[in-house]
Amino acid sequence: MRFPFFRNRDSVKNGILISIRRTGDGFHPGLFTFETIRALAIKSESYEVEKAADALAKMYRYVLNDKTHIVCLKDEINYVKNYIRMQEFRFGKKVQIFYRIQQELYDFPILCLTIQPLVENVYCHGLKDEQKTKIMIIEAVLENDNLRIVVSDNGCGMSPAQLQYVHSLLAANITLKVISEESPRTGIGLVNVNNRLVLYYGKESGITIESEAGKGTKVSFRIKREKVVPDESFDN
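Now for a description of the structure that goes with this document. (Residues numbered from 1 in each chain as written. Predicted model: local features only at pLDDT ≥ 70, side-chain atom pairs only at ≥ 80, totals over all residues. Heavy atoms only, no water.)

### Considering the overall build of the chain
Argument step 1. Scanning the chain for helices and strands turns up 8 helices and 7 strands.
Argument step 2. The proportion of buried residues among the 236 residues of the chain is 47%.
Argument step 3. Intrachain contacts of the chain at a sequence separation of at least 6 include 70% that bridge at least 24 residues.
Argument step 4. Looking at the chain as shown, the accessible area adds up to about 13200 Å², and 52% of this sits on carbon and sulfur atoms. (Helix = DSSP H or I, 4+ residues; strand = E, 2+ residues; numbered from the N terminus. Buried < 20%, exposed > 50% of the residue type's maximum accessible area, 1.4 Å probe, protein only. Contact = heavy atoms within 4.5 Å. Areas by Shrake-Rupley, 256 points an atom, 1.4 Å probe, with all protein chains shown as cover.)

Here it is as structure tokens:
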């Protein structure tokens, strides 16, 4: 959903009210704030601010859409793209992003909020080497009617000891509280996603990690095709 170009104060106000009605869940202060900033940015022709507020509003609306835990892959990828837009607003386009997804897979049902944490992990931990061109690849592959998601990068990678530590967190099904006490920022997103995947799909759908220091990291998971497909695509 996008606002029209606002010509006056009344059209700005009307656009905001339309946005609120379209959420379908009533008034949400966060969404209202983002859309207000966006409307004012359009009015003042601050288009970079408008784009940032637009991405934030779409991400916020996606998270609010809690009618089902299952979404189509297209919606999940759109959420990832908006997250990447926010990273680019902050740091510039320092990472080359490639999507390898066959068109027919975009309707594949998937547990929501499972890909973005893997992408965030790349930004937070994987791309610290300033000497090389940074590349991230987001893939979706159909294997025996199962969907395999792969997020890989050519960043700093992990040493054998670091990789073993992350594997131990995943295997132990460790809680976020324990992680925050022992190692404040390492592996929280991956463990959270892994726990949700295992709980919903079973142990065979847990995260797998391949990494080599100085060469990069590949994080992946495999899920079964759901019998129940989402009723409609979420417009984010």
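### So, helix α8 (residues 188-201)
Argument step 1. The end-to-end C-alpha distance of α8 is 20 Å, a good match for the 20 Å that 14 residues give at a rise of 1.5 Å each.
Argument step 2. What α8 keeps buried is the set L190, V191, V193, N194, L197 and Y201. Down the axis of α8, the smallest arc covering the buried residues is 165°, so these residues share one side.
Argument step 3. Among the residues trailing α8, G202 stands out with phi positive, at a value near 115°. (Expected span 1.5 Å × (residues − 1). Arc of directions from axis to C-beta.)

### Remarks on the sheet that holds strand β6 (residues 208-212)
Argument step 1. Strands sit in the order β2-β4-β5-β7-β6 across an open sheet of 5 strands; the sheet is mixed. The open sheet has two edge strands, β2 (95-101) and β6, and neither has a second partner. Taking each pair of neighbouring strands and ignoring which way they run, the sheet shows an average axis angle of 10°.
Argument step 2. Alignment of strand β5 (residues 146-153) against strand β7 (residues 216-224), held across 8 bridges, turns out to be antiparallel. Looking at the pairing, V150 lines up with S220 of β7.
Argument step 3. Here helix α4 (residues 73-91) sits on the sheet and contacts β2, β4 (134-143) and β5; the angle it forms with β2, its principal contact strand, is near 175°.
Argument step 4. Packing against the sheet, helix α5 (residues 116-126) makes contact with β2, β4, β5 and β7, and its axis sits at approximately 15° to β5. (Pairing = 2+ DSSP bridges. Axes fitted to C-alpha atoms, helices over the stretch in contact; angles between N-to-C directions.)

### Brief notes about α4
Argument step 1. Taking 1.5 Å of rise per residue, 19 residues should cover 27 Å, and α4 covers 27 Å from first to last C-alpha, within 8% of that figure.
Argument step 2. Of all the residues in α4, the buried ones are L73, D75, E76, I77, Y79, V80, N82, Y83, I84, M86 and Q87.
Argument step 3. Directly beyond the C-terminal end of α4, a positive phi value near 85° is found at G92.

### Some thoughts on the nonpolar core
Argument step 1. The biggest cluster of nonpolar side chains holds 49 residues, and the ones touching the most others in it are L73, I115, V119, M136 and I207.
Argument step 2. A per-element tally of this core places α4 first, with 7 residues. (Core = buried A, V, L, I, M, F, W, Y, C linked by side-chain atoms within 4.5 Å.)

### Some remarks on the side chain of N154
Argument step 1. In this fold, N154 is placed in the loop between β5 and α6 (160-172).
Argument step 2. A distance of 2.7 Å separates a polar atom in the side chain of N154 from the backbone oxygen of T133.
Argument step 3. A polar atom in the side chain of N154 sits 2.8 Å from the backbone nitrogen of I135.
Argument step 4. Sequence-distant contacts of N154, that is, excluding residues within four places in its chain, are made with L127, K132, T133, K134, I135, K215 and G216. (Polar contact = N/O pair within 3.5 Å; in protein donor to acceptor, adjacent residues only side chain to side chain.)

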